Amino acid sequence: MSKQMKDIRLETGKVRIEDSFWSPYIRLVKEVVLPYQWEALNDGIEDAEPSHAIRNFRIAAGQEAGMFGGMVFQDSDVYKWLEAASYMLSVQPDPGLEAIADDVVELLAQAQQPDGYLNTYFTLKEPEHRWSNLAECHELYCAGHLIEAGVAYFQATGKRKLLDVCCRYADYVDSVFGSEPEKLQGYDGHQEIELALMKLYEVTGNEQYVKLSQFFLDERGRQPSFYAQEYEKRENKVHFKELNMAFDLKYSQSHLPVREQDTAVGHAVRLVYMCTGMAHVAGVTGDASLLEACRKLWANIVHKQMYITGAIGAMAYGESFTIDYDLPNDTVYGETCASIGLIFFARRMLENEPKGEYADVLERALYNTVLGGMAMDGKHFFYVNPLEVHPKANEVNPIYGHVKIQRQPWFGCSCCPPNIARLLASLNHYVYTARGDTLYVHLYIGGEAELRIDGQPVRIQQDSGYTSDGVVSLSIQDIGAAGPFTLAFRVPAWCEDVVYRLNGTIYLPDDVRDGYAYLTRAWQSGDRLELLFNMQVQLIQSHPLVRQNAGKVALQRGPFLYCLEEADNGSHLHLLEIDREAAFTVEYDPYLLDGLSTIRVEALRTEVPAEGAHLYAPHKAWAQSRVMSTFIPYYAWGNRGSGEMMVWVKAART
């Protein structure tokens, strides 16, 4: 067993969100999303694909008879739901939810095998083939999600039963894998165990979990290929016949040692989960080469392969990256889980080095792709997040087969819905970071925070109009015995002008560097600092090498990207073009999807010629008419039925 556990609570658990924009979403997770997903995991949602997930555990625990159902990684859906429930319990007690969670914990404990192994697919279907197909079968991936749930539940409730299950499993994994000749010198095809072991280390203090995470990272990409050796041992049997996971090593980032990788390739979720583990290990161990590898991969993702919405993964095949600057809007994959993984990566990089770009990307993915991945009813979800849809073409053209025009109630592979739930439920973990005598404010989300700065307790209240008028205030509620300390405020990349007021008087920061404004003083209880962010509408253009967006612009206001929808602008959105010099009008509509700020701007619409016109004809300017176009926040699209949508719009030359 592991070393004696320490009773540790994350400081971020003492951040309570009370925010006009985010609090309704967190309530939605608690009151709708978690109950709905619990029903889905129990196959209780009519017209939704069955999950089989809870039933698999009941069969494995000996409570029911039957056969395994679902995907090989089906267990992970339960773990992510349990993790989300744990985060909700950490901020607000709920005896009913806790009782359900306790029942799940008991079920998992009963399903665990005597040696610590816990995986319903292999227990029920292939008990003799444990660890024989790591390239494809997600054993360590599922173990990682179990560990994340166990850590979260222990921190929320203080109950150790699930954490004990996790430690037994992690210790068993440690007995199986390692550099010793008698152990398996391999790694999972879907990275996840690496970041989870680091969380387990944080709560237990057992350094062996750090070493095991390091082993998995260091082993990846070594030659000869572990996956090829596995493939030969199992007599060339494969699980996913449509993908060549054993030999397409870029798919799982196994083509090179992790320290030698500088370009994002392969399955997008796998890459950012791996990078999250790398960044965490680098932070704990001081591994400079590992941190430098993280920086290189981050730079390639963000500067050359990320969509303006924070989506990543340009193609459906392999849910993967393609090449630099290849960012198609209509066939994009942009899996919700990939943006969530990018947020995980950004958070760990912020802990290593507070640079505004990490939080800017975190914010971009959060406010756009992640929010867009869930309908406003909390019961429908996107797996794929396009930036342009054409419903009639989607119905008949197989290149769009992965793109859904409307969110789905559940999926056969339903990794994204519980991932959204656990991220939103843990949003309080992303607002602040304390380093020495400096408190970094990464996200402008209202609420109260009780943190320790340079070892001393400090209580701060944030009131945020960040999503509406751009006015944010932070009040020092109590500083206890804290001496002078520094507040560092992120200056969002989208904001060209910030005004600072301290106790009502204009106040200039002591320094602005790496995307943060620093103010150091002997703060007093009652001090109030206001930040006024300029919320003007911005026209955004792509790098010239993004050929799909040549001659087009996107609209952004504050943290939100905007899009055109057919519901407001009629069909054939590609016929619209806006003047780069046009005046924008921001209007708040309290009746539109429970309240949205829209952007209205005059546009030119190319008129469709009369029926019978030639498909091709000598060039001349098409007739155009002036119309008023309406843009809504991207995250809100698809909540009013099926219709066209477009983020990037042609820009008229003036």
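No experiment lies behind these values; they were computed from the predicted model shown.

Novice: Describe the sheet that holds strand 9 (residues 498-502), naming the residues involved and giving the relevant values.
Specialist: Pairing within the open sheet is antiparallel, and its seven strands lie in the order 1-5-6-7-13-9-10. Each having just a single partner strand, strand 1 (15-17) and strand 10 (505-506) make up the two edges of the open sheet. Across three bridges, the pairing between strand 1 and strand 5 (residues 447-453) is antiparallel. Counterpart to valine 15 in the pairing with strand 5 is alanine 449.

Novice: Account for the packing of aromatic side chains, with residues named and values stated.
Specialist: One pass over the full model with this rule turns up 41 aromatic pairs. When the centroid spacing of 6.1 Å and the interplanar angle of 40° are considered together, the rings of tyrosine 273 and phenylalanine 344 count as tilted. A residue pair is termed long-range when its members are at least 10 positions apart, and tyrosine 273 in helix 11 (residues 268-285) and phenylalanine 344 in helix 13 (residues 336-352) qualify at 71 residues. The same class applies to tyrosine 273 and to phenylalanine 344, which are both buried. Ring geometry for tyrosine 466 against tryptophan 494: centres 5.6 Å apart, planes inclined by 55°, an arrangement best described as tilted. Taken together, the residues tyrosine 466 in the loop between strand 6 (456-464) and strand 7 (471-478) and tryptophan 494 in the loop between strand 8 (485-490) and strand 9 connect sequence positions 28 residues apart. Among the aromatic residues, ring-to-ring pairing joins Phe21, Trp22, Tyr25, Tyr367, Tyr444, Tyr466, Trp494, Phe533, Phe560 and Tyr635 into one connected group. Over the ring of tyrosine 430 we find arginine 347; its NZ or CZ atom is 5.2 Å from the centre of that ring.

Novice: Residues and numbers for the pattern of salt bridges, please.
Specialist: Counting across every chain of the model gives 33 salt bridges. Glutamate 83 serves as the salt-bridge partner of lysine 199, at 3.9 Å between the closest nitrogen and oxygen. Taken as a pair, lysine 199 in helix 8 (residues 193-204) and glutamate 83 in helix 3 (residues 75-91) lie far apart in primary sequence, 116 residues in all. Taken individually, lysine 199 and glutamate 83 each receive the classification buried, so the pair is uniform in this respect. Among the salt bridges present, the one from aspartate 324 reaches lysine 304, with a minimum N-O distance of 4.0 Å. Here aspartate 324, found in the loop between helix 12 (288-304) and helix 13, pairs with lysine 304, found in helix 12; they are 20 residues apart in sequence, far enough to count as distant.

Novice: Outline the sheet that holds strand 8, listing residues and values.
Specialist: Pairing is mixed across the open sheet formed by five strands, whose spatial order is 3-4-8-12-11. The open sheet has two free edges, formed respectively by strand 3 (432-435) and strand 11 (511-513), since each of these has just one partner strand. The mean angle between the axes of side-by-side strands here comes to 20°, regardless of whether they run parallel or antiparallel. Strand direction decides the pairing type here: strand 3 and strand 4 (residues 438-441), joined by four bridges, are antiparallel. Its bridge partner being in strand 4, alanine 434 is matched across the sheet by leucine 439. On top of the sheet, helix 14 (residues 356-372) reaches strand 8 and strand 12 (516-521); it is set at about 50° to strand 8, its chief contact.

Rules used throughout
- Residues numbered from 1 in each chain as written.
- Predicted model: local features only at pLDDT ≥ 70, side-chain atom pairs only at ≥ 80, totals over all residues.
- Heavy atoms only, no water.
- Pairing = 2+ DSSP bridges.
- Helix = DSSP H or I, 4+ residues; strand = E, 2+ residues; numbered from the N terminus.
- Phe/Tyr/Trp six-rings, centres within 6.5 Å; stacked < 30°, edge-to-face > 60°.
- Buried < 20%, exposed > 50% of the residue type's maximum accessible area, 1.4 Å probe, protein only.
- Lys NZ or Arg CZ within 6 Å of the ring centre and 35° of its normal.
- Salt bridge = Lys/Arg side-chain N within 4 Å of Asp/Glu carboxyl O.
- Axes fitted to C-alpha atoms, helices over the stretch in contact; angles between N-to-C directions.
- Contact = heavy atoms within 4.5 Å.

The values are spatial; any link to function lies outside them.
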